[in-house]
Every structure is written in C-alpha cells, then in structure tokens.
Amino acid sequence: MDIIVVFLIICGLVFFTGGAVGILRFPDFYTRLHPAGKMDTLGSFLMVLAVSLFNLREFSWAAVLTSLKILLIVLFIFILNPTATHAIVDAGFRAGMRPWTKKDKGK
Amino acid sequence: MVNVFLYAGLFLCLLMVASLYRSVFGPTVLDRLIGVNAIGSKTVILLLLIGLIYERLDMFVDIALAYALLNFMAVLAASRYFQKRKGLYEEPPYK
Amino acid sequence: MKEHLAEVKTLHLGNVSGSRSGGLPEHPAPRPIFSRIITFIVLIGVWVILSGKFDLFHLSLGLISCAIVTILSGDLLFPETRTGGLFRHILPVINYVPWLLYQVVLANLHILYLVFHPRMMELIDPQIIRFDSTLKKEISLVTFANSITLTPGTITMYVSVEGAFQVHAIDKASADPLPGEMERRIARAFEDE
C-alpha cells in the first residue's frame with residue numbers, strides 16, 4: 001500500500017514539475033496555458049488519490065467520510081480547472097492578444 | 001512515511017516559487033493570472049499534505065475544499081475583470 | 001429568475017446561454033418532477049458527505065435547506081424533462097469517463113516530453129483551428145469544450161451555440177485528431193439519437 005502511495009505522489013510531483021517548468025519556458029500566453037491548466041489537473045488528481053488511499057490504511061467510517069470528501073475535491077478540480085483555463089483564454093482572446101506562431105521566432 | 005509527505009510538500013513549495021516568478025515578472029496581466037492559478041492548485045495539495053503531517057486530515061480537507069472553490073472564483077472574477085482592458089497589453093489588437 | 005440563473009451558469013462558455021428554450025417559453029413546460037427528485041438526492045448526498053454528522057438536528061437542517069434549494073432551482077442540474085431520458089444516459093457517461101482519463105494521461109505525457117525537450121522552440125507550432133461540431137445539446141457542447149481543454153495540446157478558445165469551435169493547438173500532432181473520436185463518444189453519451 002505504501003509503495004502505491006509513494007509511486008502516485010512521485011508521479012504527481014513529476015507532472016507538477018512539468019507544469020511549473022512549462023510556465024517558465026513557453027514563449028507566450030496561450031502556450032503557457034497548456035501546461036498550466038492541465039498538467040496541474042492531472043498532478044492534483046494523482047496526489048489527491050494518494051492522500052485518500054493513505055487515509056484509508058486504517059479502516060473506519062470517519063476515514064471513509066474524509067476520503068469521500070477528498071474525492072469531491074477531485075471532482076471539483078476536474079470541472080473547475082478547465083473552466084478557469086477557458087476563462088483566462090477567453091479574456092486574452094477578447095482583449096486581442098496575438099498568438100505566438102513559428103514566424104515570430106526571430107524576436 | 002511522514003517524511004515522504006514532508007519532502008513532497010517542500011518540493012511543492014519550490015515549484016510554487018517557480019510559478020511565483022511568472023506571476024511577478026510576467027509580461028502581461030494574464031500571465032500573472034496563470035501564475036496565480038498554478039500556485040492556487042498547488043496550495044490545495046499542500047494543505048492536504050499538511051493535514052497528513054499533523055494528522056488532522058479531517059479538518060484540513062474542509063479548508064482545502066473551500067480553498068479550491070475560492071481559487072476558482074478569484075481566477076474567474078479577475079479574468080472577467082481584465083477582459084475589457086484593451087490598453088494594458090504590449091501587443092497591438094488582433095482580429 | 002430561473003432563466004437568469006441558467007444564463008449565469010453557462011456564461012463561462014461564451015454565448016451558449018439561453019439556447020435551451022430560445023428565451024422565455026410561450027407556455028409553461030411540464031414540471032420536471034423527476035429531475036427535481038434526482039437533484040434532491042444528489043444534494044442530500046453532498047450534504048451528508050460534507051457535514052459528516054448523523055444526528056437528528058443536522059440531518060433535518062440538511063433536509064430543509066436541500067428542499068429550499070430544490071424548489072428554487074431544481075431544474076438547473078438536470079434540464080431533462082422526460083423521465084426515461086436520464087437513465088438512458090447514465091451508462092454511456094460512465095463508459096466515457098475512463099476513456100477520457102486514459103486520453104488525458106496519454107496527452108499529458110506528450111506535453112511532458114515537449115516541456116523537457118531542450119529544443120522545445122522548434123518542436124512546438126501553435127495554431128488555431130476552426131471546425132463545426134454536430135452536437136446539438138448544451139450539455140454535450142459544454143462537455144466537449146471541457147474535454148478539449150482537459151486534453152493537453154488543445155484549448156477551446158470560443159464556442160457558439162451552433163457548435164462552432166475555435167481551438168488553440170500547441171503542435172500539429174495534437175491538432176490533427178480533432179474533432180474525430182471524442183465527438184463521436186460524446187454524441188453517444190449525451191445526445192438523443
């Protein structure tokens with residue numbers, strides 16, 4: 001059980017690292033949203049799953065209730081994170097930000 | 001096992017510093033907003049890990065849940081607020 | 001009031017609001033009792049999970065507040081008026097979620113490869129693609145837009161009521177398979193045949 005939990009946590013940290021590095025490395029606003037909005041979603045999913053599994057190692061009804069709450073967080077994250085991403089990209093699109101393309105690479 | 005959670009939390013703090021760079025030095029307002037959103041989604045996980053470390057997970061879960069909703073609302077409100085500000089960006093308007 | 005709430009709920013996807021009945025209906029629709037019952041059960045479940053107390057006082061408090069919410073806005077969660085329609089959708093939706101998770105993991109690995117690649121600037125080729133979707137119902141359009149955003153490499157930029165999509169893709173490989181397979185699966189899960 002512990003091995004699964006540690007494995008899930010490490011996977012989640014790898015995805016979170018990818019998200020942070022992607023935010024730093026990508027050239028413009030639209031491409032930065034790709035790692036930010038979505039690798040954070042999967043990373044949160046994996047780590048929250050790890051926490052909820054670790055919480056269930058001693059079975060009791062209170063622990064089951066807490067794990068259900070944690071899974072509710074997962075549900076919220078999966079609905080809210082794409083929506084937040086969409087809100088940001090919509091704001092940028094309406095404000096008239098120009099997407100970076102390959103031709104701008106010289107700049 | 002608690003050590004694993006401690007180091008994972010420390011690593012998350014490190015990643016939050018990396019995201020903080022984008023939210024402080026981001027060229028446009030929306031870049032900063034992306035940084036803030038990334039920090040918020042890491043904070044939810046960090047709260048859960050803190051709950052595991054102090055063995056009060058039942059309390060910290062509620063805080064994390066409220067924080068997730070609050071973070072979403074902050075990002076939504078800020079992006080709604082800034083979408084009318086055409087003059088804030090460095091680039092010319094785009095059709 | 002209800003129309004206004006529905007508008008607020010779907011505001012985040014651009015101009016999809018108000019298409020369910022095309023503004024105010026001329027004659028009142030049949031009251032969707034069944035969807036209200038389902039909404040009530042879901043609310044009670046969330047209340048019990050969040051409160052975690054099973055004594056009489058907290059349970060009755062939950063019952064009262066859930067009843068108030070159901071009376072005020074019972075038709076927001078499941079805007080399905082017919083009784084049979086709800087059950088027919090449950091199985092395909094359950095079938096759809098694991099496939100979506102699998103796709104999310106696959107595409108996340110692709111983005112991970114892009115992020116840590118030293119010559120990342122030459123690999124990415126951002127582009128905007130436009131296509132028209134054949135989906136009709138609002139819920140399937142919303143699910144499709146969120147699924148596109150959740151699958152890395154593509155972000156929905158704009159959705160209209162008629163199903164015109166604008167998608168920002170990060171490179172050619174993630175732009176190609178749209179709309180394709182995902183739209184077919186969503187059509188099977190949410191649309192009426």
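Throughout this document, residue positions are counted from 1 along each chain, in the order its sequence is written. Starting at A for chains and at 1 for ligands, labels are handed out in the order in which the entities are written. Restriction of local features to residues with pLDDT of at least 70 applies here, the model being predicted, together with a cutoff of 80 or more for giving and counting side-chain atom pairs; totals for whole chains, interfaces and linings are based on all residues. Only heavy atoms go into the side-chain values, all of them from the structure, while hydrogens and water stay out.

**Let's talk about helix α2 (residues 29-55) of chain A**
Selection rule: A helix here means a DSSP run of H or I that spans at least four residues, while a strand means a run of E at least two residues long, and both kinds are numbered starting from the N terminus. Multiplying 1.5 Å by the residue count of a helix minus one yields the expected span of that helix. Partly exposed describes any residue whose relative accessible area lies between the buried limit of under 20% and the exposed limit of over 50%, with all areas from a 1.4 Å probe on protein chains only and scaled to the type maximum.
Between its first and last C-alpha, α2 of chain A extends 38 Å over 27 residues, near the 39 Å set by a 1.5 Å rise per residue. The buried count for α2 of chain A comes to 25 of 27 residues, which makes it a mostly enclosed element.

**Some words on the confidence of the model for chain B**
For clarity, the cut-off: pLDDT expresses, on a scale from 0 to 100, how confident the predictor is about each individual residue. We call two residues in contact when some of their heavy atoms are within 4.5 Å.
Averaged over chain B, the pLDDT score is 82; the fraction of residues at 70 or greater is 86%. Contacts for the low-pLDDT stretch residues 91-95 of chain B, under 50 throughout, to residues beyond four places or in other chains number 9 contacts.

**A closer look at a nonpolar patch on the surface**
Quick reminder of the rule: Residues enter patches when their relative accessible area tops 30% and they take part in no salt bridge; the joining distance is 9 Å for like charges and 5 Å for the nonpolar side chains Val, Leu, Ile, Met, Phe, Trp and Tyr. Only the protein chains shown count as covering a residue, and every accessible area follows the Shrake-Rupley method with a 1.4 Å probe. Within this document, salt bridges are pairs made up of a side-chain nitrogen of Lys or Arg and a carboxyl oxygen of Asp or Glu, the two lying within 4 Å of each other.
Side chains of L24 of chain A together with L20, Y21, V24 and F25 of chain B sit close together on the surface and give an oily, nonpolar patch of about 470 Å² of accessible area. A total of 4 residues in the nonpolar patch trace back to one element, the largest contributor, which is helix α1 (residues 2-25) of chain B. Summarising the element assignment, V24 of chain B is placed in helix α1. Of the residues examined, V24 of chain B reaches a relative accessible area of 45% and is grouped as partly exposed.

**Overview of the packing of aromatic side chains**
Defined as follows: What counts as a ring pair is set by centres within 6.5 Å for rings of Phe, Tyr and Trp (its six-membered ring), and what kind of pair is set by the plane angle: stacked under 30 degrees, edge-to-face over 60, tilted for all other angles. A ring is scored as having a charge over it whenever the NZ atom of a lysine or the CZ atom of an arginine sits within 6 Å of its centre and within 35 degrees of its normal.
Tallied over the full model, the rule gives 4 aromatic pairs over all chains. On the numbers, 5.5 Å between centres and 80 degrees between planes, the contact of F45 of chain A with F78 of chain A is edge-to-face. Within this pair, whereas F45 of chain A is found in helix α2, its partner F78 of chain A is found in helix α3 (residues 61-95), the two being separated by 33 residues in sequence. Accessibility assignment for this pair places F45 of chain A and F78 of chain A in one class, buried. With a centroid separation of 6.0 Å and an interplanar angle of 35 degrees, the aromatic rings of Y96 of chain C and W99 of chain C are classed as tilted. With Y96 of chain C and W99 of chain C both in helix α4 (residues 83-116) and 3 residues apart, this pair spans about one turn of that helix. With respect to burial, Y96 of chain C and W99 of chain C carry one shared label: buried. The ring of F54 of chain A has R57 of chain A lying over it, and the distance from NZ or CZ to the ring centre is 4.1 Å.

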